[in-house]
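Next come the chains, spelled out residue by residue.
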Amino acid sequence: MNKTLFGIALVIGGATQPPPLVIEPAPAPPLHSIIPVPAAIALSVTEQLVIDSGTFVVVDRGVSPEVKAVGQYLVQMLWPSASPNLVNWSGDQPARVGKHIRLIVETGRLELGDEGYDLGIRSDGVTLRARTPAGLFHGVQTIRQLLPHSVEHPAMVDRKLWLPTGNITDTPRFEWRGMMLDVSRHFLPPADVKKFVDAMALYKLNRLHLHLSDDQGWRIEIKSRPKLTAIGGSTKVGGGPGGFYTQEEYRNLVAYAASRFITVVPEIDMPAHTNAALASYPELNCDKIAPPLYTGISVGFSALCVDSAAVLRFVKDVVREISAMTPGNYFHVGGDEVKKLTHAQYIRFIESVQQVVNANEKRMIGWAEISPAALVPGTIVQNWIRDSSFVHAARGGKIIISPSTRAYLDMKYDSTTILGQNWAAYIEVKDAYDWDPATFIPGVPEASILGVEGPLWSETTMTREDYELLAFPRLIALAEVGWSQSALRKWEDFRIRLGAHAKRQAALGLNFYRSSQVPWVH
Ligand code: TNX
């Protein structure tokens, strides 16, 4: 057993005395550092499964392309440069292939839900069972976290991969476990977004909300409205070149996220936060005069001329084009911080936008200000401050909760943090972790909660490294808040597991904040 020694040299009367020895037993090292912590886990490190070139990933013959793709993802992770160690099961093959990791779809395992999995590891092989491809994918992420961190670096020569033996059965607490990237205030190129997608997958997050438009930038190509990107996408906070996703790049991003079982949720913020659109098309303004582009960080000053036919046509074009290239069920319409319209104008507008979104076969999502409108039960409200989301919960609607004092990834960690803002709070890692969604918002009980999401607003983040420094490790804390049952979540236990992720984060090339609250193992 490890011993920790604390030695202090005492100087008494000029003579140096030998230091008193205080010997404290070190806490037993944790058996695993899986985040989010699984629902049921029993592991042994004394018996192991070594994964080498004689190990095969096996799927049943005739499985769906999604299941096969999960198998291929696992193969790529284990043997990035080697031959394809994927075989189809045909009854007698596994005996011949020897050590195997077998992925099995069992549609009858109702207790595993849409995303759960059941993992059994023995010294001669692994069996991973789930009802769905998503469940298998999450199980693969658990295998990934049980492997040494060298699995994260494909270029490592002669790496040794092994797993502890045992069993894990796991299902998520909440259906919606998301992150929001504000790509409007500053633009993030597709490759950087994909890197976030990969990191999200490691922690079993399943929704990527893209804040695609705001006062400072319009970031998605709309073919029927080319000036939105030509003019509205041309700059960013602080000035200088902006950027945008072509429709092809957006489709490619959506497909990449889908291959990691992450649904992209597009947001076009309306009727406020629209200066970039107003500057691109004069007819969206009541006075028909386009305002100049905006590169500051104030909010609430802009608004579409909501009662005009031109604005309704604009909304229909934008919602139609984005919906057509978004397979996910959701369209986020913003709706926050409107200061220039009357209440009646605002409510009327939200109700007509809801019709447009529903006509495009999407569920509408909006920030909590939309709650007083006549929302259909399928519409989803996103809580962010002490707001009126309880109104929607009371009518049976679902709420995504993103408390700005806990889940806002753009808040500073403490007063010394250079990036981020502090209007809601300072959010250290413990604050991001140690709260329960079910009891956090008066009038929004667990049954009304679809899940949690961490918004990363980008007024102060200029590079991918900046975004990452604010996201990690708080996004990892939020992932556990969203996935794991509250009875299993203990800060003292989480901080130890999180500390063990430092090497993994470094191998992945992710920038992260070295919080002093976490015992990092470098
Ligand atoms: C509030 S949260 C906003 C955003 C800002 C953010 C900065 C919300 C719905 N609106 O426009 O970027 O604060 O923290």
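Quick note: structure is the one above.
Described in the following lines is the structure provided in the data block. None of these values were measured; they are calculated from a predicted model. Each residue is numbered by its place in its chain's sequence as written, counting from 1. The predicted nature of this model means local features are confined to residues of pLDDT at least 70 and side-chain atom pairs, given and counted, to a pLDDT of 80 or more, with totals for whole chains, interfaces and linings taken over all residues. As a rule here, side-chain values cover all heavy atoms of the structure and leave hydrogens and water aside.

**Some words on the packing of aromatic side chains**
Stacked, edge-to-face and tilted labels apply to pairs of Phe, Tyr and Trp rings (six-membered ring for Trp) whose centres lie within 6.5 Å, assigned for plane angles under 30 degrees, over 60, and everything in between, in that order. A complete count under the given rule lists 19 aromatic pairs for this structure. Judged by centre distance (4.9 Å) and plane angle (75 degrees), the ring pair of Trp176 and Tyr330 falls under edge-to-face. Of this pair, Trp176 sits in strand β12 (residues 176-182) while Tyr330 sits in strand β17 (residues 330-334), and the two are 154 residues apart along the sequence. Ring plane angle 15 degrees and centroid distance 5.9 Å describe the contact between Phe196 and Phe472, whose orientation is recorded as stacked. Remark: Phe472 occurs in the loop between α13 (464-471) and α14 (474-483) and Phe196 occurs in helix α4 (residues 190-202); sequence separation between them is 276 residues. For the residue pair Phe196 and Phe472, the accessibility class agrees, reading buried in each case. Grouped by ring-pair contacts, the aromatic residues Trp367, Trp384, Tyr408, Trp423 and Trp457 constitute a single cluster. Between the NZ or CZ atom of Lys194 and the centre of the ring of Tyr256, over which it lies, the distance is 5.2 Å. Positioned over the ring face of Tyr433 is Arg489, at 5.0 Å from the centre of the ring. Runs of H or I in DSSP of at least four residues are treated as helices and runs of E of at least two as strands, each being numbered from the N terminus. Note on exposure labels: buried denotes an accessible area under 20% of the residue type's maximum, exposed denotes more than 50%, and partly exposed covers the range between, all computed with a 1.4 Å probe on protein chains only. Two thresholds decide whether a charge sits over a ring: the Lys NZ or Arg CZ must be within 6 Å of the ring centre and within 35 degrees of the ring normal.

**Some words on the state of the cysteines**
Throughout, a disulfide means two cysteine sulfur atoms within 2.5 Å of one another. Inspection of every chain in the model, using the stated rule, returns one disulfide. Linked covalently through their sulfurs, Cys286 and Cys305 form a disulfide whose S-S length is 2.1 Å. The S-S bond linking Cys286 to Cys305 shows a torsion near 100 degrees; that makes this disulfide right-handed. Taken together, the positions of Cys286 in the loop between α7 (275-280) and α8 (309-324) and Cys305 in the loop between α7 and α8 put the pair 19 residues apart, joining distant regions of the chain. What makes Cys286 exposed here is its relative accessible area of 58%. Here Cys305 falls in the buried class, since its relative accessible area comes to 10%.

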